[in-house]
Amino acid sequence: MDLVMSNSNVMITQVQTFEHSGNESSSYTDNLIGTLLAIFGNVLLSISLSVQKSTHVRLAGTKDPRAFYFTKTWWFGLVLIVLGELSIFVSYAFAPLSLVAPLNAVSVIASSILGFIFLREKWKPRDFLRRYILSFLGCALTIVGTYLFVTFGPNTHETLAAGNIVKHVIGWPFLLYLLLEIIAFCFLLYFYKQRKANYLVVILLLVALLGSVTVITVKAVSGMIVLSVMGNLQLNYPIFYIMFVCMVATAFFQATFLSQATHLYDSSLIASVNYILSTSFAVSAGAVFYLEFNHEDALHICMFLLGCLVAFLGVFLITRSRKKSKAFEPYVTMDVMQEIHIFTVRQASQQYMTKAEQSSQTTMAPFPTGRW
């Protein structure tokens, strides 16, 4: 009897071990798929923005009367944007939120490399080192940081069914986190609107607070859509539509605050600070709502945070080394027209005075020496 009981216990332990290893293998595969999709989507976004920017510059520098939306390259860039955003959206269904959010650094690296490849300026080796050493150093640090937080990131994966999402929504960690976010958001909004505190950190903190809710809802919506496509229908649950409405609303207000920031500050500074704040709040949201670090040890968490800090520093150096863009005027402005008019009047008056002097010197001649 004891032998039978011991054999049954061994079999149960083996089954549990096999299930645990199977779950770990499945989580690793899902994380790999999500990571690759996020990297692919960010690279596509960088390529698309470069293509569309080159289209605008080419049209501005030529006499082509067509609008930008009549060019094939602009539409090609738009298609790449849609594919990139779709790829990032699907990646949230496979990989943890804390792993997908920092991968926006890939877009910064790709944009820096593409900008260097398509640069049409002449430079000397000394000027090249002085101008681009920070960009190369930033790219290297960002790559190292990306490797660290991908390698030591959370390896947990949860089936994002409607029941699991509702369980997380009504859990006390998220309710407390949401309450603190609402208080902080109202406090910052009061200073921004009433006290006219138009500081960049204040505006981007508002964006990051909204963004933490956005990424939570994006992961929930993406996970339920993927499950529905795989045959487990989730679209008939009310939580799906609640998450969808919150996703659209928070994304809209994020874009509004970012648009206000671009009118006050340089875009390179906005890009670096927004990446740091938004990633920090997104990782915190994933840890609180989806409990992504519950099964991670202290070493993995510290190495993950170290990777994020190194990536933050790299992105800051990349954006710091960019020159401030100057407004390009492809057409002649009114100021230039006035200068041209003044120059023309002066030139005509000088020619008139020269002719008058020549005519005064030839007053004794009955006719000018030139040909009739």
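The coordinates are above.
Residues numbered from 1 in each chain as written. Predicted model: local features only at pLDDT ≥ 70, side-chain atom pairs only at ≥ 80, totals over all residues. Heavy atoms only, no water.

Concerning the packing of helix H8 (residues 200-229) against helix H9 (residues 238-262)
How two helices sit against one another is set out by the angle between their axes and by the gap between those axes. Closest axis-to-axis distance for the H8/H9 pair is 8 Å, and the angle between their directions is 150 degrees. It follows from the interaxial angle that H8 and H9 lie roughly antiparallel. Relative to H9, the crossing made by H8 is left-handed. In the contact of H8 with H9, the residues fall into 23 nonpolar, 5 polar and no charged. (Axes fitted to C-alpha atoms, helices over the stretch in contact; angles between N-to-C directions. Helix = DSSP H or I, 4+ residues; strand = E, 2+ residues; numbered from the N terminus. Parallel < 35°, antiparallel > 145°, perpendicular 65-115°, else oblique. Left-handed = near helix turned anticlockwise from the far one by under 90°. Nonpolar A, V, L, I, M, F, W, Y, C, P; charged D, E, K, R; others polar.)

Structural notes on the packing of helix H7 (residues 172-193) against H8
Two elements in contact, H7 and H8, have axes whose closest approach is 9 Å; the angle formed by their N-to-C orientations is 150 degrees. By the angle class used here, H7 and H8 are roughly antiparallel. Pair H7 / H8 crosses with left-handed handedness. Only Val202, Ile203, Leu205, Leu206, Leu209, Leu210, Ser212, Val213 and Ile216 of H8 make contact with H7, whose side of the interface consists of Phe174, Tyr177, Glu181, Ala184, Phe185, Leu188, Leu189 and Tyr192. Class assignment for the residues of the contact of H7 with H8 results in 15 nonpolar, 1 polar and 1 charged. (Contact = heavy atoms within 4.5 Å.)

Observations regarding the side chain of Glu296
In this fold, Glu296 is placed in the loop between helix H10 (267-289) and helix H11 (298-320). Lys219 is the oppositely charged side chain nearest to the buried, salt-bridge-free Glu296, at an N-O distance of 13 Å. A distance of 3.1 Å separates a polar side-chain atom of Glu296 from the backbone nitrogen of Asn155. With near-sequence residues (within four places) excluded, Glu296 lies in contact with Gly153, Pro154, Asn155, Thr156 and Ile301. (Buried < 20%, exposed > 50% of the residue type's maximum accessible area, 1.4 Å probe, protein only. Lys, Arg positive; Asp, Glu negative; His and termini not counted. Salt bridge = Lys/Arg side-chain N within 4 Å of Asp/Glu carboxyl O. Polar contact = N/O pair within 3.5 Å; in protein donor to acceptor, adjacent residues only side chain to side chain.)

A look at H7
A rise of 1.5 Å per residue sets the reference length of H7, with its 22 residues, at 32 Å; its end C-alpha atoms lie 31 Å apart and thus fit the reference within 8%. All of the buried residues in H7 are Phe174, Tyr177, Glu181, Leu188 and Tyr192. Projection of H7 onto a plane perpendicular to its axis shows the buried side chains occupying an angular sector of 65 degrees, all on one side. Of the residues in H7, the exposed ones pointing more than 90 degrees away from the buried face are Trp172 and Leu180. Along its buried surface, H7 packs onto helix H6 (162-169), H8, H9 and H10. (Expected span 1.5 Å × (residues − 1). Arc of directions from axis to C-beta.)

Some remarks on unusual backbone geometry
Its identity is not glycine, yet Lys196 carries a phi of approximately 55 degrees, on the positive side. One non-glycine residue, Leu291, adopts positive backbone phi at about 55 degrees. Counting through the fold element by element, Leu291 comes out in the loop between H10 and H11. By relative accessible area, Leu291 is classed as partly exposed at 34%.

Let's talk about the environment of Gly211
Locating Gly211 in the fold gives a position in helix H8. Residue classification places Gly211 among the buried positions, given a relative accessible area of 12%. Along the backbone, Gly211 and Thr279 are 68 residues apart, and their C-alpha atoms lie at a distance of 9.0 Å.

Some details on H9
Along its 25 residues, H9 runs 37 Å from first to last C-alpha, staying within 8% of the 36 Å computed at 1.5 Å per residue. For H9, the full list of buried residues reads Ile239, Phe240, Met243, Met247, Thr250, Gln254, Phe257 and Ala261. Looking at the buried positions of H9, the neighbouring elements they touch are helix H2 (72-94), H6, H7, H8 and H10.

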